[in-house]
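As a plain string of letters, each chain reads:
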Amino acid sequence: MNSIQDCYSLYNGVNVPCVAFGTWKMPDAVAESSVACAIQNGYRHIDTALAYQNECGVGAGVRKGGVRREELFLVSKLPNDFHGYEKAIAACERSLQNLGVDYLDAYLIHWPVLVENQDHLEEDLCDTWRAFERLYADGKLRAIGTSNFLEAHIDLLKANFKITR
Amino acid sequence: MINQVQLHPQNPQEEMIAYCKQNHILTEAWSPLIQGQAFKRELLIETAEKYGVSVAQLCIRWIFQKALCPCRSPQHPSESKITRIFSDFPFPTRIWKKSRLCVPTAQLAIRRMSHARTRLWDFKKMNSKCTRMSEILCFACIFCAEIAFFRRI
């Protein structure tokens, strides 16, 4: 990697800039100024999550950064209490709205952890992933993924779904 | 597909990296600087000195050498802190040998629990203690559950 804008390629051909600018623990105002600063200085990959409660600030920072949307790689994540088909679709819509964009470059399941209905982890992960595939097919997401998953969790997705690479 | 996990020299996640590569999944590394603890780790300090780089450069370079994507959230981000990474590029040479550091962190705790109990989904029990979606709470639950589990045996 020679530059912060060099990319890795995902299996579906989508390019991922090699360094992400994370925004965990940043309140809205800090996220706004630091995301703008990061973009103005060359970062193209911005990482947030609904659980960080700063998507509005990140979205404002993205607009302030002054780089065209298609040059950025914007990532958000589904919180633990939004597993399930309908809820996942709703959470994604909320992230899109907070960020003020009409698509995300990647959307990840934040944790393989449920807040309620722990007995339904396998079913719920599958329902969530079904929603992710739907959002991907609808063009709202350019790539889908997971976070903090172990091999067995990914194996579960592999056994049940098409998009697992 | 992407899998973003806690990954740094103290939690090298070699099995996970191999698994993801095999399955055409890009691994992203959160907490590449061990949430700031990297600056206190003697081995990292010594290694960085040996190669004339900063501890942060060393950690980021270590991740690139594994062909992974670091995701760093600078705390109290100032412009100089945000732009500091540019002094790290390019990354032409390999300087890092296999990490000698390895202590349990969140991801390892999850892994150990699911291995120890053989059934992966058993760790949903500990989730029942999670009342909020906060990651910090999840961590706390994981560790509490782990301690409780190891006390039982």
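None of the values given here were measured: they were computed from a predicted structure. (Residues numbered from 1 in each chain as written. Chains lettered and ligands numbered in written order. Predicted model: local features only at pLDDT ≥ 70, side-chain atom pairs only at ≥ 80, totals over all residues. Heavy atoms only, no water.)

Trainee: Got a sec to walk through the confidence of the model for chain B? Specific residues and values, please.
Mentor: Residue and element names in this part refer to chain B. Model confidence for chain B is summarised by a mean pLDDT of 69, while 56% of its residues fall at 70 or above. Note on residues 149-153: pLDDT is under 50 here. Beyond four places in sequence and across chains, it has 4 contacts. Across the interfaces of the predicted complex, the ipTM metric reaches 0.96, alongside a pTM of 0.81. (pLDDT = per-residue confidence, 0-100. Contact = heavy atoms within 4.5 Å.)

Trainee: Could you give an account of the sheet that holds strand E3 (residues 20-22) of chain A, naming the residues involved and the relevant values?
Mentor: Read around the closed barrel, 8 strands run E3(A)-E4(A)-E5(A)-E6(A)-E7(A)-E1(B)-E2(B)-E3(B), paired in parallel fashion. Between one strand axis and the next, the sheet turns through 25° on average, direction left out of account. (Pairing = 2+ DSSP bridges. Helix = DSSP H or I, 4+ residues; strand = E, 2+ residues; numbered from the N terminus. Axes fitted to C-alpha atoms, helices over the stretch in contact; angles between N-to-C directions.)

Trainee: How would you explain the interface of chain B and chain A if you had to name every residue and give the values?
Mentor: On the chain A side, the residues contacting the 53 residues of chain B number 66 residues. Carbon and sulfur atoms make up 65% of the surface buried where chain B meets chain A, a total of about 5,000 Å² over both sides. Taken together, the connections running from chain B to chain A amount to 0 salt bridges. Taken together, the links from chain B to chain A amount to 20 residue pairs in polar contact (both at pLDDT 80 or more). Elements with a minimum of two residues in the side of chain B that touches chain A: strand E1 (2-6), helix H1 (14-22), strand E2 (26-30), strand E3 (69-72), helix H4 (79-83), helix H5 (106-116), helix H6 (124-127) and helix H7 (135-152) of chain B. Sorting elements by how many residues they give to the side of chain B that touches chain A places E1(B) first, with 5 residues. Split into classes, the residues belonging to the side of chain B that touches chain A amount to 31 nonpolar, 14 polar and 8 charged. Bridge count for E3(A) against E3(B) is 2 bridges, and the pairing is parallel. (Buried area = accessible area lost by both parts, 1.4 Å probe. Salt bridge = Lys/Arg side-chain N within 4 Å of Asp/Glu carboxyl O. Polar contact = N/O pair within 3.5 Å; in protein donor to acceptor, adjacent residues only side chain to side chain. Nonpolar A, V, L, I, M, F, W, Y, C, P; charged D, E, K, R; others polar.)

Trainee: Just give me the short version of the side chain of Thr128(A), but keep the residues and values in it.
Mentor: One can find Thr128(A) in helix H4 (residues 121-137). Discounting residues that sit within four places of it in the chain, Thr128(A) has contacts with Leu78(A), His83(A), Gly84(A), Tyr85(A), Ala88(A) and Ile109(A).

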